[in-house]
Amino acid sequence: MSQSTLIPVKEAIRSARDYMQSVYKGEPITHLLLEEVRLSEDERHWEITYGFDTQREYRHGINRLRTTRSILDGDFQDSEPTPKFIREYKLIVIDAHTGEVERMQIRTV
């Protein structure tokens, strides 16, 4: 395939970003950042990875500073876990000739 028939990479990136914003419309996603862009080996697809922070919290570990302080104060009960926010990555596959989004999938890093 000829390179001249491909949509420009910036157009593919814009298409992927617009798609992400429409899919998650009304849901708070923050720090949407372009992470990776790759043209498939057969030059049929732009593979674009976006990362973003979700508002879903998870509990991970114990708040060590608070636990140490509690122990020093004589309170040996575990303190509340510290909330963390999850960074997610999505791979958006764009047709390299039309600019249409073909699919979105979870990207693990």
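Remember, it's a predicted structure, so these values are computed and weren't measured experimentally. (Residues numbered from 1 in each chain as written. Predicted model: local features only at pLDDT ≥ 70, side-chain atom pairs only at ≥ 80, totals over all residues. Heavy atoms only, no water.)

Re the side chain of Lys-90
The criterion, for reference: Runs of H or I in DSSP of at least four residues are treated as helices and runs of E of at least two as strands, each being numbered from the N terminus. Residue exposure (1.4 Å probe, protein chains only): buried if accessible area is under 20% of the type maximum, exposed if over 50%, otherwise partly exposed. Only four residue types enter the charge count, namely Lys and Arg as positive and Asp and Glu as negative; His and the chain termini do not. Here, a salt bridge means any Lys or Arg side-chain nitrogen found within 4 Å of an Asp or Glu carboxyl oxygen. Only heavy atoms matter for contacts: two residues are in contact if any of them lie within 4.5 Å across the pair.
Inspection of the secondary structure assignment puts Lys-90 in strand β3 (residues 83-95). Buried Lys-90, no salt bridge; nearest opposite-charge side chain is Glu-88, N-O distance 4.1 Å. Every residue in contact with Lys-90, bar those within four places of it in the chain, is listed here: Met-20, Tyr-24, Ile-48, Thr-49, Tyr-50, Phe-52, Met-104, Gln-105, Ile-106 and Arg-107.

Observations concerning a nonpolar patch on the surface
As a reminder of what qualifies: Residues with no salt bridge and a relative accessible area higher than 30% make up the patches, which join like charges within 9 Å and nonpolar side chains (Val, Leu, Ile, Met, Phe, Trp, Tyr) within 5 Å. Using the Shrake-Rupley algorithm and a 1.4 Å probe, accessible areas are obtained, with residue cover drawn only from the displayed protein chains.
Residues Val-9, Leu-34 and Val-37 make up a contiguous nonpolar surface patch of roughly 190 Å² in combined accessible area. Structurally, the position occupied by Leu-34 is in strand β1 (residues 30-39).

Notes on unusual backbone geometry
Of note in this structure, His-31 is not a glycine but carries a positive phi near 55 degrees. With a phi close to 60 degrees, Glu-43 is a non-glycine residue in the positive phi region. Here Glu-43 is to be found in the loop between β1 and β2 (45-59).

Some words on the nonpolar core
The criterion, for reference: The criterion is simple. A nonpolar core is a set of buried Ala, Val, Leu, Ile, Met, Phe, Trp, Tyr and Cys residues joined through side-chain atoms within 4.5 Å.
Of all hydrophobic cores here, the largest spans 14 residues; its most connected members are Ala-12, Ala-16, Met-20, Trp-46, Ile-48, Tyr-50 and Ile-94. Those elements that provide at least two residues to this core are α1 (9-23), β2 and β3. Sequence-distant contacts of Ile-48, defined by excluding residues within four places in its chain, comprise Ala-12, Ile-13, Ala-16, Leu-34, Glu-36, Val-37, Lys-90, Leu-91, Ile-92 and Ile-94.

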